[in-house]
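# Reading the structure
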Amino acid sequence: MPGHIVRQRITGEGEVTTHYYFAPKVGSWIQEASAVFWQAEFWLPPGVDWVDLESREDLPLPSFYDVWVYPLMLGVFLLLLLSFCIQPYLLDPLARAAGISNKRSRPPVPSQTLEALYQRYKLRPLEEEMKEAVSVTGMSERQVERWLRRRHAATRDTLYDKFMHCGFNLLSHLALLSHVCCTLLTEDWVWDISQCWQGHPFHPLAASIWWYYMLGLAYFWALTYLQMQVPSRKGFDTVLIVLHHIFTILLMAFSWICNYVRVGTLVLMVHEACDVPLNTAKMFVYAGIKWPQDILFVMFVITWVVTRCYLYPFWIIRSCVIYYQTLNDTPAVTVFVALLFGLLVLNIVWTVLIGNVVAKKLTAGKLEDVRSDMEDFCTEDEDEDNVVANITKTKTA
């Protein structure tokens, strides 16, 4: 049982009795609640107990503590590596070579009245509120609007920040994708997904899968932290992206605990591919280099459709619903499949957003920059679908 010390003793009649001890020892009600939550009948196939999933020399299996300890430690290390090595010695020189400066706009003169107006309405105050602010501050309406724009610009990521963020994402996805190509594509269960369920849950844990999980989870923990530090992103975008990361983390943790690591590895693999051309395209957009964007656009659309619109729902989720139900029907399957469908819903939302933007821009016959002019500091964020619009600019110009 995860989070417990397991001790067995043989009685005089030769029976083996198993005792679970919560570590560290706390109130009995916590022990009882933990015992109910981690009951093997819910999480594991019939006839299998948590004792059976303890790793041994001849059969290495996932450890419960690994998925919660090592990814967090590696995530902190990854953030430190980003701050002290990757950004100053790799991404910053690339940004300067592309002509992207780290210049930030100066914040406006502090004003309690205008700050309260901004916190409540951002850049679109009501007419009555605008008139009241003009009366209280003695400024003209144009000056108040300019103050709000400067206040908004002070909270936004600059082009330099976006370039740094995309560079970090690109390097991380390249590293994970390289690991997949070098170590995991030779596995039989990658090409025959039915082997992901045959013999479950006694699938030996290879060192390549252990590192793939630890590094992948570390990246998603670090990315979730970085995403929550972006105050300028629209609320819906923040919720959508953070939910995507949380669903991915929960799926990987759940699959690790119940030793669905083969399926979890496939889920992570199919979500890696399209992020490479997407983040590469973003970096070219921010650098103002247009010639590679046609190729990257085609690569992004193809990989998105193949991996997230076909392989994920019709290969992975289908196997979870069909193959596993024919082998073992446990309550944990419902949770696992629900998480998979939750991630699928988010993928569908992204697909609709991207498709709508591409269709609108292509049928209009002209693509304009989705952001406002730099003097107004732009009132719209450049999210994933906006970047697609920028990428396709040269296609219809």
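Computed from a predicted structure; not experimentally measured. (Residues numbered from 1 in each chain as written. Predicted model: local features only at pLDDT ≥ 70, side-chain atom pairs only at ≥ 80, totals over all residues. Heavy atoms only, no water.)

## Observations concerning the overall build of the protein chain
Counting its regular elements, the protein chain contains 16 helices and two strands. For the protein chain, buried positions account for 46% of its 397 residues. Contacts spanning at least 24 positions in sequence make up 77% of the contacts within the protein chain whose residues lie at least 6 apart. Roughly 20,500 Å² of accessible area belongs to the protein chain as shown, and the carbon and sulfur atoms make up 62% of that amount. (Helix = DSSP H or I, 4+ residues; strand = E, 2+ residues; numbered from the N terminus. Buried < 20%, exposed > 50% of the residue type's maximum accessible area, 1.4 Å probe, protein only. Contact = heavy atoms within 4.5 Å. Areas by Shrake-Rupley, 256 points an atom, 1.4 Å probe, with all protein chains shown as cover.)

## Some remarks on the side chain of T280
Among the structural elements, T280 can be located in helix α12 (residues 275-287). Using a relative accessible area of 18% as the deciding quantity, one classes T280 as buried. Leave out the neighbours within four places in its chain, and T280 touches L170 and L296.

## A look at the environment of M73
The residue M73 is located in helix α3 (residues 66-97) in this model. Residue M73 is classed as exposed on the basis of its relative accessible area, which comes to 52%. Each C-alpha atom, one on M73 and one on M214, is 9.6 Å from the other, the two residues being 141 residues apart in sequence.

## What about the confidence of the model for the protein chain?
Per-chain confidence: the protein chain averages 79 in pLDDT, with 81% of residues scoring 70 or above. No element of the protein chain has a lower mean pLDDT than helix α16 (residues 393-396), which averages 42, and none a higher one than α3, which averages 93. Per-residue pLDDT stays below 50 along residues 5-9; that stretch engages in 22 contacts with residues further than four places along the chain or on separate chains. Here residues 365-397 is a poorly scored stretch, pLDDT under 50, and it has 79 contacts once near neighbours within four places are set aside; other chains count. (pLDDT = per-residue confidence, 0-100.)

## Here's the deal with the nonpolar core
Y312, I316 and F336 are the most contacted members of the largest nonpolar core, which has 74 residues in total. Among the elements that line this core, the one with the most residues is helix α9 (residues 207-228), at 10 residues. Residues within four places of F336 in sequence aside, it is in contact with W197, L251, F254, S255, Y260, V263 and C320. One finds I241, C274, I354 and V358 within the second-largest nonpolar core, a separate group that totals 11 residues. (Core = buried A, V, L, I, M, F, W, Y, C linked by side-chain atoms within 4.5 Å.)

## Description of the packing of aromatic side chains
The full count for this structure, using the stated rule, is 17 aromatic pairs. Measuring from ring centre to ring centre gives 5.4 Å for Y70 and W210, while their planes differ by 65 degrees; the resulting arrangement is edge-to-face. Residue Y70 is found in helix α3, and its partner W210 is found in helix α9; the two are separated by 140 residues along the sequence. By relative accessible area, which is 37% here, Y70 ends up partly exposed. Clustering of aromatic rings is evident, with ring pairs tying together W38, F42, W43, W50, F64, Y65, W197, F254, Y260 and F336. (Phe/Tyr/Trp six-rings, centres within 6.5 Å; stacked < 30°, edge-to-face > 60°.)

## Quick notes on unusual backbone geometry
With the exception of glycine, the majority of residues adopt a negative phi angle, and the majority of peptide bonds are in the trans configuration. The linkage connecting H200 with the following residue, P201, adopts the cis geometry, with an omega of 10 degrees. For K122, which is not glycine, the phi torsion reads 55 degrees and is therefore positive. On the secondary structure map, K122 appears in the loop between α4 (112-121) and α5 (127-137). Residue classification places K122 among the partly exposed positions, given a relative accessible area of 40%. Unusually for a residue other than glycine, N259 sits at a positive phi of about 60 degrees.

## What about the environment of W210?
Look at W210 and you get buried, because its relative accessible area is 18%. Residues W210 and T265 lie 55 residues apart in sequence; the distance between their C-alpha atoms is 10.0 Å. Apart from the residues lying within four places of it in its own chain, the contact partners of W210 are D66, Y70, L205 and W256.

## Focus: helix α11 (residues 261-270)
When you tally the buried positions in α11, you get 10 out of 10 residues, the bulk of the element. All of the buried residues in α11 are V261, R262, V263, G264, T265, L266, V267, L268, M269 and V270.

## Notes on a nonpolar patch on the surface
Together, Y65, W68, V69, Y70, L72, M73 and W221 give the surface a local cluster of nonpolar side chains, amounting to about 670 Å² of exposed area. In terms of residue count, the dominant contributor to the nonpolar patch is α3 (five residues). Among the secondary structure elements, W68 is positioned in helix α3. For W68, a relative accessible area of 35% corresponds to the partly exposed category. (Patch = residues over 30% accessible without salt bridge, like charges linked within 9 Å, V, L, I, M, F, W, Y side chains within 5 Å. Salt bridge = Lys/Arg side-chain N within 4 Å of Asp/Glu carboxyl O.)

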